[in-house]
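# Structure assessment
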Amino acid sequence: MRIDIITVLPEILESPLSHSIIKRAQTKGLVDIHLHHLREYTTDKHRTVDDYAFGPDAGMVMKIEPIFKVIRKLKSERDYDEVIYTSPDGQRLTQQVANGLSIKGNIIILCGHYKGIDHRVREHLITREISIGDYVLSGGELAAAIIVDSVVRLVPGVLSNETSALTDSFQDNLLAPPVYTRPAEFNGWKVPEVLTSGNFKAIEKWQMEQALERTKRLRPELLEGLEEDG
Ligand code: ADE
């Protein structure tokens, strides 16, 4: 899978993309992530990426030309399955949305900034808008990092069997059951006996009961199928 991220602040993305599972996915050659600095696609000496909005509301808006240029260049090199814009207006990122994106070949993510981008970009170049939640961030870089993290860990081969994404919370609309490690007793606080029993059938049953109980108590809407699908 290849992910091209277009941003005016590549520094924000460098750290989240170069550690842990995301780093390993790239080292293993399973995912190829490229950052594109939007200012490099400007022609004026100030490398201007934004301008005043038309109309009485004088906020700044990201200009169409540099965005058009970088997307045109990328599309001339390969086909893309999605050109995503990070925006609070977009479809909410869920595990289902991440699952859907993890089986794509090539995607572009455009990080929004300022008051927004020239709407013609959204009308003509963007295929999908994704929000990471109902709150407004200063820019789309953190949203892009979250989208990439949630997607890359699902790409086949990225996670080992023990950490398989199949047991993640939300994967089957259930929260994950509690986990414990040694010591089996600390400070008088004991690990549930069944987990140290060696009875795998009983452990599996306990885990399913816990997942159901936690979901019912903490996120009942997941069981009612109220979450939108990807
Ligand atoms: N940009 C600003 N706020 C955002 C959000 N909630 N999700 C995605 N992109 C954003």
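In what follows, the accompanying structure is described. As the structure is a computational prediction, the values presented were derived from the model and not from experiment. (Residues numbered from 1 in each chain as written. Predicted model: local features only at pLDDT ≥ 70, side-chain atom pairs only at ≥ 80, totals over all residues. Heavy atoms only, no water.)

### Focus on helix α7 (residues 200–218)
Under the 1.5 Å per step criterion, the end-to-end length of α7 is 26 Å for 19 residues, consistent within 8% with the ideal 27 Å. Among all positions in α7, only I203, W206, A211 and T215 are buried. The arc that holds every buried residue of α7, seen down its axis, measures 160 degrees, which confines them to one face. Turned more than 90 degrees off the buried face of α7, the exposed positions are K201, K205, K216 and R217. Where α7 is buried, its residues touch α8 (220–223). (Helix = DSSP H or I, 4+ residues; strand = E, 2+ residues; numbered from the N terminus. Expected span 1.5 Å × (residues − 1). Buried < 20%, exposed > 50% of the residue type's maximum accessible area, 1.4 Å probe, protein only. Arc of directions from axis to C-beta. Contact = heavy atoms within 4.5 Å.)

### Quick notes on the sheet that holds strand β5 (residues 82–92)
Across a sheet, strands are paired by hydrogen bonds formed along the backbone, either parallel or antiparallel in direction. The five strands are arranged β2-β1-β6-β5-β7 in an open sheet whose pairing can be described as parallel. The strands lining the two open edges of the sheet, one partner per strand, are β2 (32–37) and β7 (128–131). Neighbour-to-neighbour, the strand axes of this sheet turn through a mean angle of 30 degrees, independent of strand direction. For β5 and strand β6 (residues 106–111), the ladder comprises five bridges, and the chain directions are parallel. The partner of I84 across the bridge, within β6, is I109. With respect to the sheet, helix α3 (residues 64–77) is in contact with β1 (2–7), β2, β5 and β6, its orientation differing from that of β1 by roughly 165 degrees. (Pairing = 2+ DSSP bridges. Axes fitted to C-alpha atoms, helices over the stretch in contact; angles between N-to-C directions.)

### Looking at the site of the ligand
Near the ligand you find T86, S87, P88, I130, S131, I132, G133, Y135, V136, L137 and A143, and these make up its full shell. Residue G133 places a main-chain N or O atom 3.0 Å away from a nitrogen atom belonging to the ligand. Between Y135 and the ligand, the recorded distance is 2.7 Å, taken from a backbone N or O atom to a nitrogen atom. Ranked by the residues each element gives to the shell around the ligand, the list is headed by β5, at three residues. (Near = heavy atom within 4 Å. Polar contact = N/O pair within 3.5 Å; in protein donor to acceptor, adjacent residues only side chain to side chain.)

### Comments concerning the nonpolar core
I3, I5, I33, I109, I147, V148 and V152 are the most contacted members of the largest nonpolar core, which totals 31 residues. For this core, the secondary structure elements donating two or more residues are β1, α2 (20–27), α4 (95–102), β6 and α6 (141–152). Sort the elements by how many residues they give to this core and α6 lands first, with seven residues. Residue contacts for V148: discarding those within four places in its chain leaves I3, I5, L17, I22, I33 and I109. Counting residues in hydrophobic clusters, the runner-up holds 19 residues, among them I6, V49, V121 and L125. (Core = buried A, V, L, I, M, F, W, Y, C linked by side-chain atoms within 4.5 Å.)

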